[in-house]
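Each chain, written out:
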2 protein chains.
Amino acid sequence: MKCVGEASVSERTKGAPQFDAEFRERLRDLLKWRRDVRRFRRDPLHEGTIERLIATACLAPSVGLSEPWRFVIVEDEARRSAIRQCFEDCNRAALDMQSRDRAALYAHLKLAGLDDAPCQLAVFADRATAQGGGLGRLTMPETLDYSVVIAVHTLWLAARAEGLGVGWVSIVDPARIAAILDVPPHWIFIGHLCVGYPAQDDDTPALERQGWEHRHSPSATVLYR
Amino acid sequence: MKCVGEASVSERTKGAPQFDAEFRERLRDLLKWRRDVRRFRRDPLHEGTIERLIATACLAPSVGLSEPWRFVIVEDEARRSAIRQCFEDCNRAALDMQSRDRAALYAHLKLAGLDDAPCQLAVFADRATAQGGGLGRLTMPETLDYSVVIAVHTLWLAARAEGLGVGWVSIVDPARIAAILDVPPHWIFIGHLCVGYPAQDDDTPALERQGWEHRHSPSATVLYR
């Protein structure tokens, strides 16, 4: 006796891709060379690039299949300038919080590619979406935001695989960014991305190169219970 | 005249991997076939697999290089049982929130691989970490949590590239999970992962196959400003 469910399972599994050791090695290279890019060349992206990367980002998982990601491509010079000002104000406040010797280093770090990156993309989570029927997020509504974060990471990796760099700007006031971009009130700001061709490739984080911080051993982050 | 900075830039860029069209195609396959796995085979993982995947996850970006991810490998039967009970209680409450016809479907969805997956991994964000000196997170402390979410996604992709599946359980009470696992009080629960060999491969989300929700067009998520 043949079970319909089983038949359709094997039907689905049949076309599944097999990933070999070489692919895994390249994937590891991608993860190692990803980088949070701060220095960009000014060359524009080819037309349609960011829309294509956004479509890839939408392959990300989302809680209850809610797909809460919302992307704002920021092209208007006045809005870009307002975002830059928002970053500068918040960066100054952050600098004031640092101790004197750290502050000198902090001020030296080039923290945003806002001036050079040809493409700016603000990313939001639609906290009011009905899609997904609320599944999976009753006890943890923040999983909506997490879904958007994973979409950003997906875009980031896809961009790097095309030789493009992404820089995530987080030193901004979320409410002010939402106002500048005139988005619906239930959209929660997740991050502002600079996208463009990196001035250089690197397998070491800029903050580590510049002596701000170094990476620690993965085993130090693991507990057994 | 040669500038030292420029020399070291070209030195770094020289060893950078080039990703070709074939790799990008396979990466797209990986993203398309990732899946949030609910049905696992019971076969154990090879020794050291989860630790290796965690090490790969630590290649994720983190705000200010804070590396706030903390992983708890849950092996103790009593703790696993308590987590399962937590899921059941929260799942029942979630079911009560759904309308009658949705509830029948909801109850039918197999929402957790907690019974079958050989490996369970709870993931937390250390909100009190001093690493990174607070850089980048003054206005948006939630970027610490986002860093951990990206580490989870990194692990997820690396696992899938080895033929392993990950299922993210979010229908739990974060405080109760933290208590069950006896973690430091400043660790914020991000998600509970089931890891193992999937019962099947698929390029369509389980929730879409089962008629819960369908994916929408990426272009509907984009605004221009």
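Residues numbered from 1 in each chain as written. Chains lettered and ligands numbered in written order. Predicted model: local features only at pLDDT ≥ 70, side-chain atom pairs only at ≥ 80, totals over all residues. Heavy atoms only, no water.

To continue, consider the overall build of chain A. When its secondary structure is counted, chain A shows 8 helices and 5 strands. Seen along its three principal axes, the alpha-carbon backbone of chain A occupies a region of about 75 × 45 × 40 Å. Here chain A holds 225 residues, and the buried ones make up 56% of them. Put simply, chain A shows about 9,800 Å² of open surface, and 51% of that area lies on carbon and sulfur atoms. (Helix = DSSP H or I, 4+ residues; strand = E, 2+ residues; numbered from the N terminus. Buried < 20%, exposed > 50% of the residue type's maximum accessible area, 1.4 Å probe, protein only. Areas by Shrake-Rupley, 256 points an atom, 1.4 Å probe, with all protein chains shown as cover.)

Next up on the list: the confidence of the model for chain A. All names here are of chain A. For chain A, the average pLDDT comes to 90, and 92% of its residues sit at 70 or higher. Counted against residues more than four places away or in other chains, residues 1-7, with its pLDDT under 50, gives 1 contact. Across the assembled chains, the prediction reports ipTM 0.93 with pTM 0.93. (pLDDT = per-residue confidence, 0-100. Contact = heavy atoms within 4.5 Å.)

It is worth spelling out the environment of W187 of chain A at this point. Locating W187 of chain A in the fold gives a position in strand β4 (residues 187-196). According to the relative accessible area criterion, W187 of chain A is buried, its value standing at 11%. For the pair W187 of chain A and F124 of chain A, spaced 63 residues apart in the sequence, the C-alpha separation amounts to 5.7 Å. Among residues more than four places away in sequence, those in contact with W187 of chain A are R70, V72, F124, A125 and D126 of chain A together with L223 of chain B.

Turning our eyes to something else, we now look at the pattern of salt bridges. This model, assessed by the stated rule, comprises 28 salt bridges over all chains. Across the pair R84 of chain B and D115 of chain B runs a salt bridge, and its minimum N-O distance is 2.4 Å. In this pair, R84 of chain B sits in helix α4 (residues 77-97) while D115 of chain B sits in the loop between α5 (100-108) and β2 (119-126), placing the two residues 31 residues apart along the sequence. For D115 of chain B, a relative accessible area of 42% gives the class partly exposed. Overlapping salt bridges, with partners in common, bring together R84, E88 and D115 of chain A in one network. (Salt bridge = Lys/Arg side-chain N within 4 Å of Asp/Glu carboxyl O.)

What the 5 strands build is an open sheet, ordered β5(A)-β1(B)-β2(B)-β4(B)-β3(B); its pairing is mixed. What marks the edges here is a single partner per strand, and that holds for β5 (222-224) of chain A together with β3 (165-169) of chain B. Averaged over all adjacent pairs, the angle separating strand axes in this sheet is 25°, with direction ignored. Together, β5 of chain A together with β1 (69-73), β2 and β4 (187-196) of chain B form the strand contacts of helix α3 (residues 49-57) of chain B, whose direction differs from that of β1 of chain B by roughly 170°. Relative to the sheet, helix α6 (residues 143-160) of chain B contacts β1, β2, β3 and β4 of chain B, its axis offset from that of β2 of chain B by approximately 155°. (Pairing = 2+ DSSP bridges. Axes fitted to C-alpha atoms, helices over the stretch in contact; angles between N-to-C directions.)

So, about the sheet that holds strand β5 (residues 222-224) of chain B. The 5 strands lie next to each other as β3(A)-β4(A)-β2(A)-β1(A)-β5(B), forming an open sheet whose pairing is mixed. In this open sheet, the two strands that pair with only one neighbour each are β3 (165-169) of chain A together with β5 of chain B. For this sheet, the mean inter-axis angle between neighbouring strands, taken without regard to orientation, is 25°. With 3 bridges connecting them, strand β1 (residues 69-73) of chain A and β5 of chain B associate as parallel partners. Residue F71 of chain A lies in a different strand from β5 of chain B, and its bridge partner there is V222 of chain B. Sitting on the sheet, helix α7 (residues 174-181) of chain A touches β1, β2 (119-126) and β4 of chain A, and the angle it makes with β2 of chain A is about 110°.

Moving on, we get to the relation of the copies chain A and chain B. Its rotation angle being 180°, the transformation that places chain A on chain B also includes 0.0 Å of axial translation and leaves an RMSD of 0.0 Å. Overall, the copies show the geometry of a two-fold rotation axis. No C-alpha of chain A lies nearer the rotation axis than that of I150 of chain A, which sits 3.0 Å from it. A symmetric contact is evident, with 100% of the interface residues of chain A recurring at the interface of chain B. (Least-squares fit on C-alpha atoms with pLDDT ≥ 70 in both.)

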